[in-house]
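Coordinate inspection notes
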Amino acid sequence: MRAAWRAEWAKLLTGGAGLAVPLALAVLLIAGGLALGSSSVDPVQLRLLGVRLGQAAVAAAGVQILATEYGSGLIRMTLLAVPRRLDVLAAKAALLTALVTPAAVLGVGVAVLGLSPDSGLIRAAFGSVLHLILIGLLGLGVAAVVRSSAAAMGIVLSLLYLMPMLLRMLPDPDWQRILYRTTPATAVQALTTTVDNAILPLGPWSALGVVAAWSAGALALGALLLHRRDA
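All values derive from a computational prediction rather than experimental measurement.

How each quantity is defined
Residues numbered from 1 in each chain as written. Predicted model: local features only at pLDDT ≥ 70, side-chain atom pairs only at ≥ 80, totals over all residues. Heavy atoms only, no water. Helix = DSSP H or I, 4+ residues; strand = E, 2+ residues; numbered from the N terminus. Rg over C-alpha atoms; globule rule 2.2 N^0.38 Å. Contact = heavy atoms within 4.5 Å. Areas by Shrake-Rupley, 256 points an atom, 1.4 Å probe, with all protein chains shown as cover. Lys, Arg positive; Asp, Glu negative; His and termini not counted. Charge placed at Lys NZ, Arg CZ, Asp CG, Glu CD. Salt bridge = Lys/Arg side-chain N within 4 Å of Asp/Glu carboxyl O. Phe/Tyr/Trp six-rings, centres within 6.5 Å; stacked < 30°, edge-to-face > 60°. Buried < 20%, exposed > 50% of the residue type's maximum accessible area, 1.4 Å probe, protein only. Axes fitted to C-alpha atoms, helices over the stretch in contact; angles between N-to-C directions. Parallel < 35°, antiparallel > 145°, perpendicular 65-115°, else oblique. Nonpolar A, V, L, I, M, F, W, Y, C, P; charged D, E, K, R; others polar. Left-handed = near helix turned anticlockwise from the far one by under 90°.

**What about the overall build of the protein chain?**
A count of helical and extended segments in the protein chain gives 11 helices and zero strands. Sequence-ordered secondary structure for the protein chain, helices as α and strands as β, is α-α-α-α-α-α-α-α-α-α-α. What you see for the protein chain is a C-alpha radius of gyration of 18 Å, in line with the 17 Å of a compact globule of 231 residues. Taking the principal axes of its C-alpha atoms as reference, the protein chain extends roughly 55 × 40 × 25 Å. Nonlocal contacts in the protein chain, meaning residues at least 24 apart in sequence, comprise 78% of its contacts between residues at least 6 apart. Accessible surface for the protein chain amounts to roughly 10,900 Å². Of this, 69% is attributable to carbon and sulfur atoms. Distance from the positive charge centre (16 side chains) to the negative charge centre (9 side chains) of the protein chain: 9 Å.

**A word on the pattern of salt bridges**
With the rule as written, the count across this model stands at five salt bridges. Note that Glu69 and Lys92 form a salt bridge whose closest N and O atoms lie 2.5 Å from each other. Placement of the pair is Glu69 in helix α4 (residues 50–72) and Lys92 in helix α6 (residues 85–111), with a sequence separation of 23 residues. Connected through shared salt-bridge partners, Glu8, Lys11, Glu69 and Lys92 make up one network.

**A look at the packing of aromatic side chains**
We describe a pair of aromatic rings using the distance from one ring centre to the other and the angle between the two ring planes. Tallied over the entire structure, the rule returns two aromatic pairs. Geometrically, the ring pair formed by Trp5 and Trp9 is edge-to-face, given 5.6 Å between the ring centres and 75° between the ring planes. Taken as a pair, Trp5 and Trp9 lie in helix α1 (residues 2–15) at a separation of four residues, close to a single helical turn. Trp5 sits in the partly exposed class, given a relative accessible area of 31%. Given a relative accessible area of 28%, Trp9 falls into the partly exposed group.

**Focus on the packing of α4 against helix α5 (residues 74–81)**
Two numbers describe how α4 lies on α5: the axes approach to 5 Å, and their chain directions differ by 110°. Judged on the interaxial angle alone, α5 and α4 are roughly perpendicular. Judged by residue contacts, Leu66, Glu69, Tyr70 and Ser72 of α4 engage Leu74, Ile75 and Thr78 from α5. Broken down by class, the residue content of the contact of α4 with α5 amounts to four nonpolar, two polar and one charged.

**Regarding the environment of Gly71**
Looking at where Gly71 falls in the secondary structure, it is placed in helix α4. Overall, Gly71 belongs to the exposed group, its relative accessible area being 70%. Residues Gly71 and Arg147, 76 residues apart in the sequence, show an inter-C-alpha distance of 8.0 Å.

**Looking at the packing of α4 against helix α8 (residues 149–169)**
Running from N to C, α4 and α8 cross one another at 155°; their axes reach a closest spacing of 10 Å. Taken together, the axes of α4 and α8 lie roughly antiparallel to each other. For the pair α4 and α8, the sense of crossing is right-handed. Facing Arg52, Leu53, Gln55, Ala56, Ala59, Ala60, Val63, Ala67 and Thr68 of α4, the residues of α8 in contact are Ser149, Ala152, Met153, Val156, Leu157, Leu160 and Tyr161.

**Structural notes on the side chain of Asp87**
Considering the arrangement of structural elements, one finds Asp87 in helix α6. What makes Asp87 buried here is its relative accessible area of 12%. In this structure, Asp87 is in contact with Met1, Ala4 and Val82, ignoring residues within four places of it in sequence.

Have a look at this one:
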């Protein structure tokens, strides 16, 4: 595992500068909420609107850290250097978490500057950071499953942005509620709402649990396929 970790850091330092682009974009998108001001019934949710867009950039970083190796053929050399394939995926997940965490903390921290640090703000900010980390890991897991940057991004972006539109089109309110509670599409709303959040079908920590379950499931399936398939 230590060898896999060192190998991933070496690749990042020598040729992984492309990861800086989506992470920098995530910081800018999230921190952009500062420009929206505080003139709202729920100023915390207003300031954290950028999390909805920033999660796409974080997902791109998660996809890129693995899918680009499949696209270039570098994955074969990676697996020759570290034959234990699960160590490779675990090292990439650890590296991704180490990169996304400061970007998420910086973006969210700047976005909520000047707001009163009450319990609602702290919960929303902390939950948003955890959500962004989990979305990055979801992108990594999906990339391990499909082994294509375009396909992985299509799947993740559909879960995050297309699913809410599909939910509104469903005629059955019971199905709407079920899908709302079992998909990561509306987690940001539940996490960042601090006023009248009792009317939402899912609480903030339950919503975060749903995202964590999707991320864990994607990583588990990706690990299984990575272990069984040829490079």
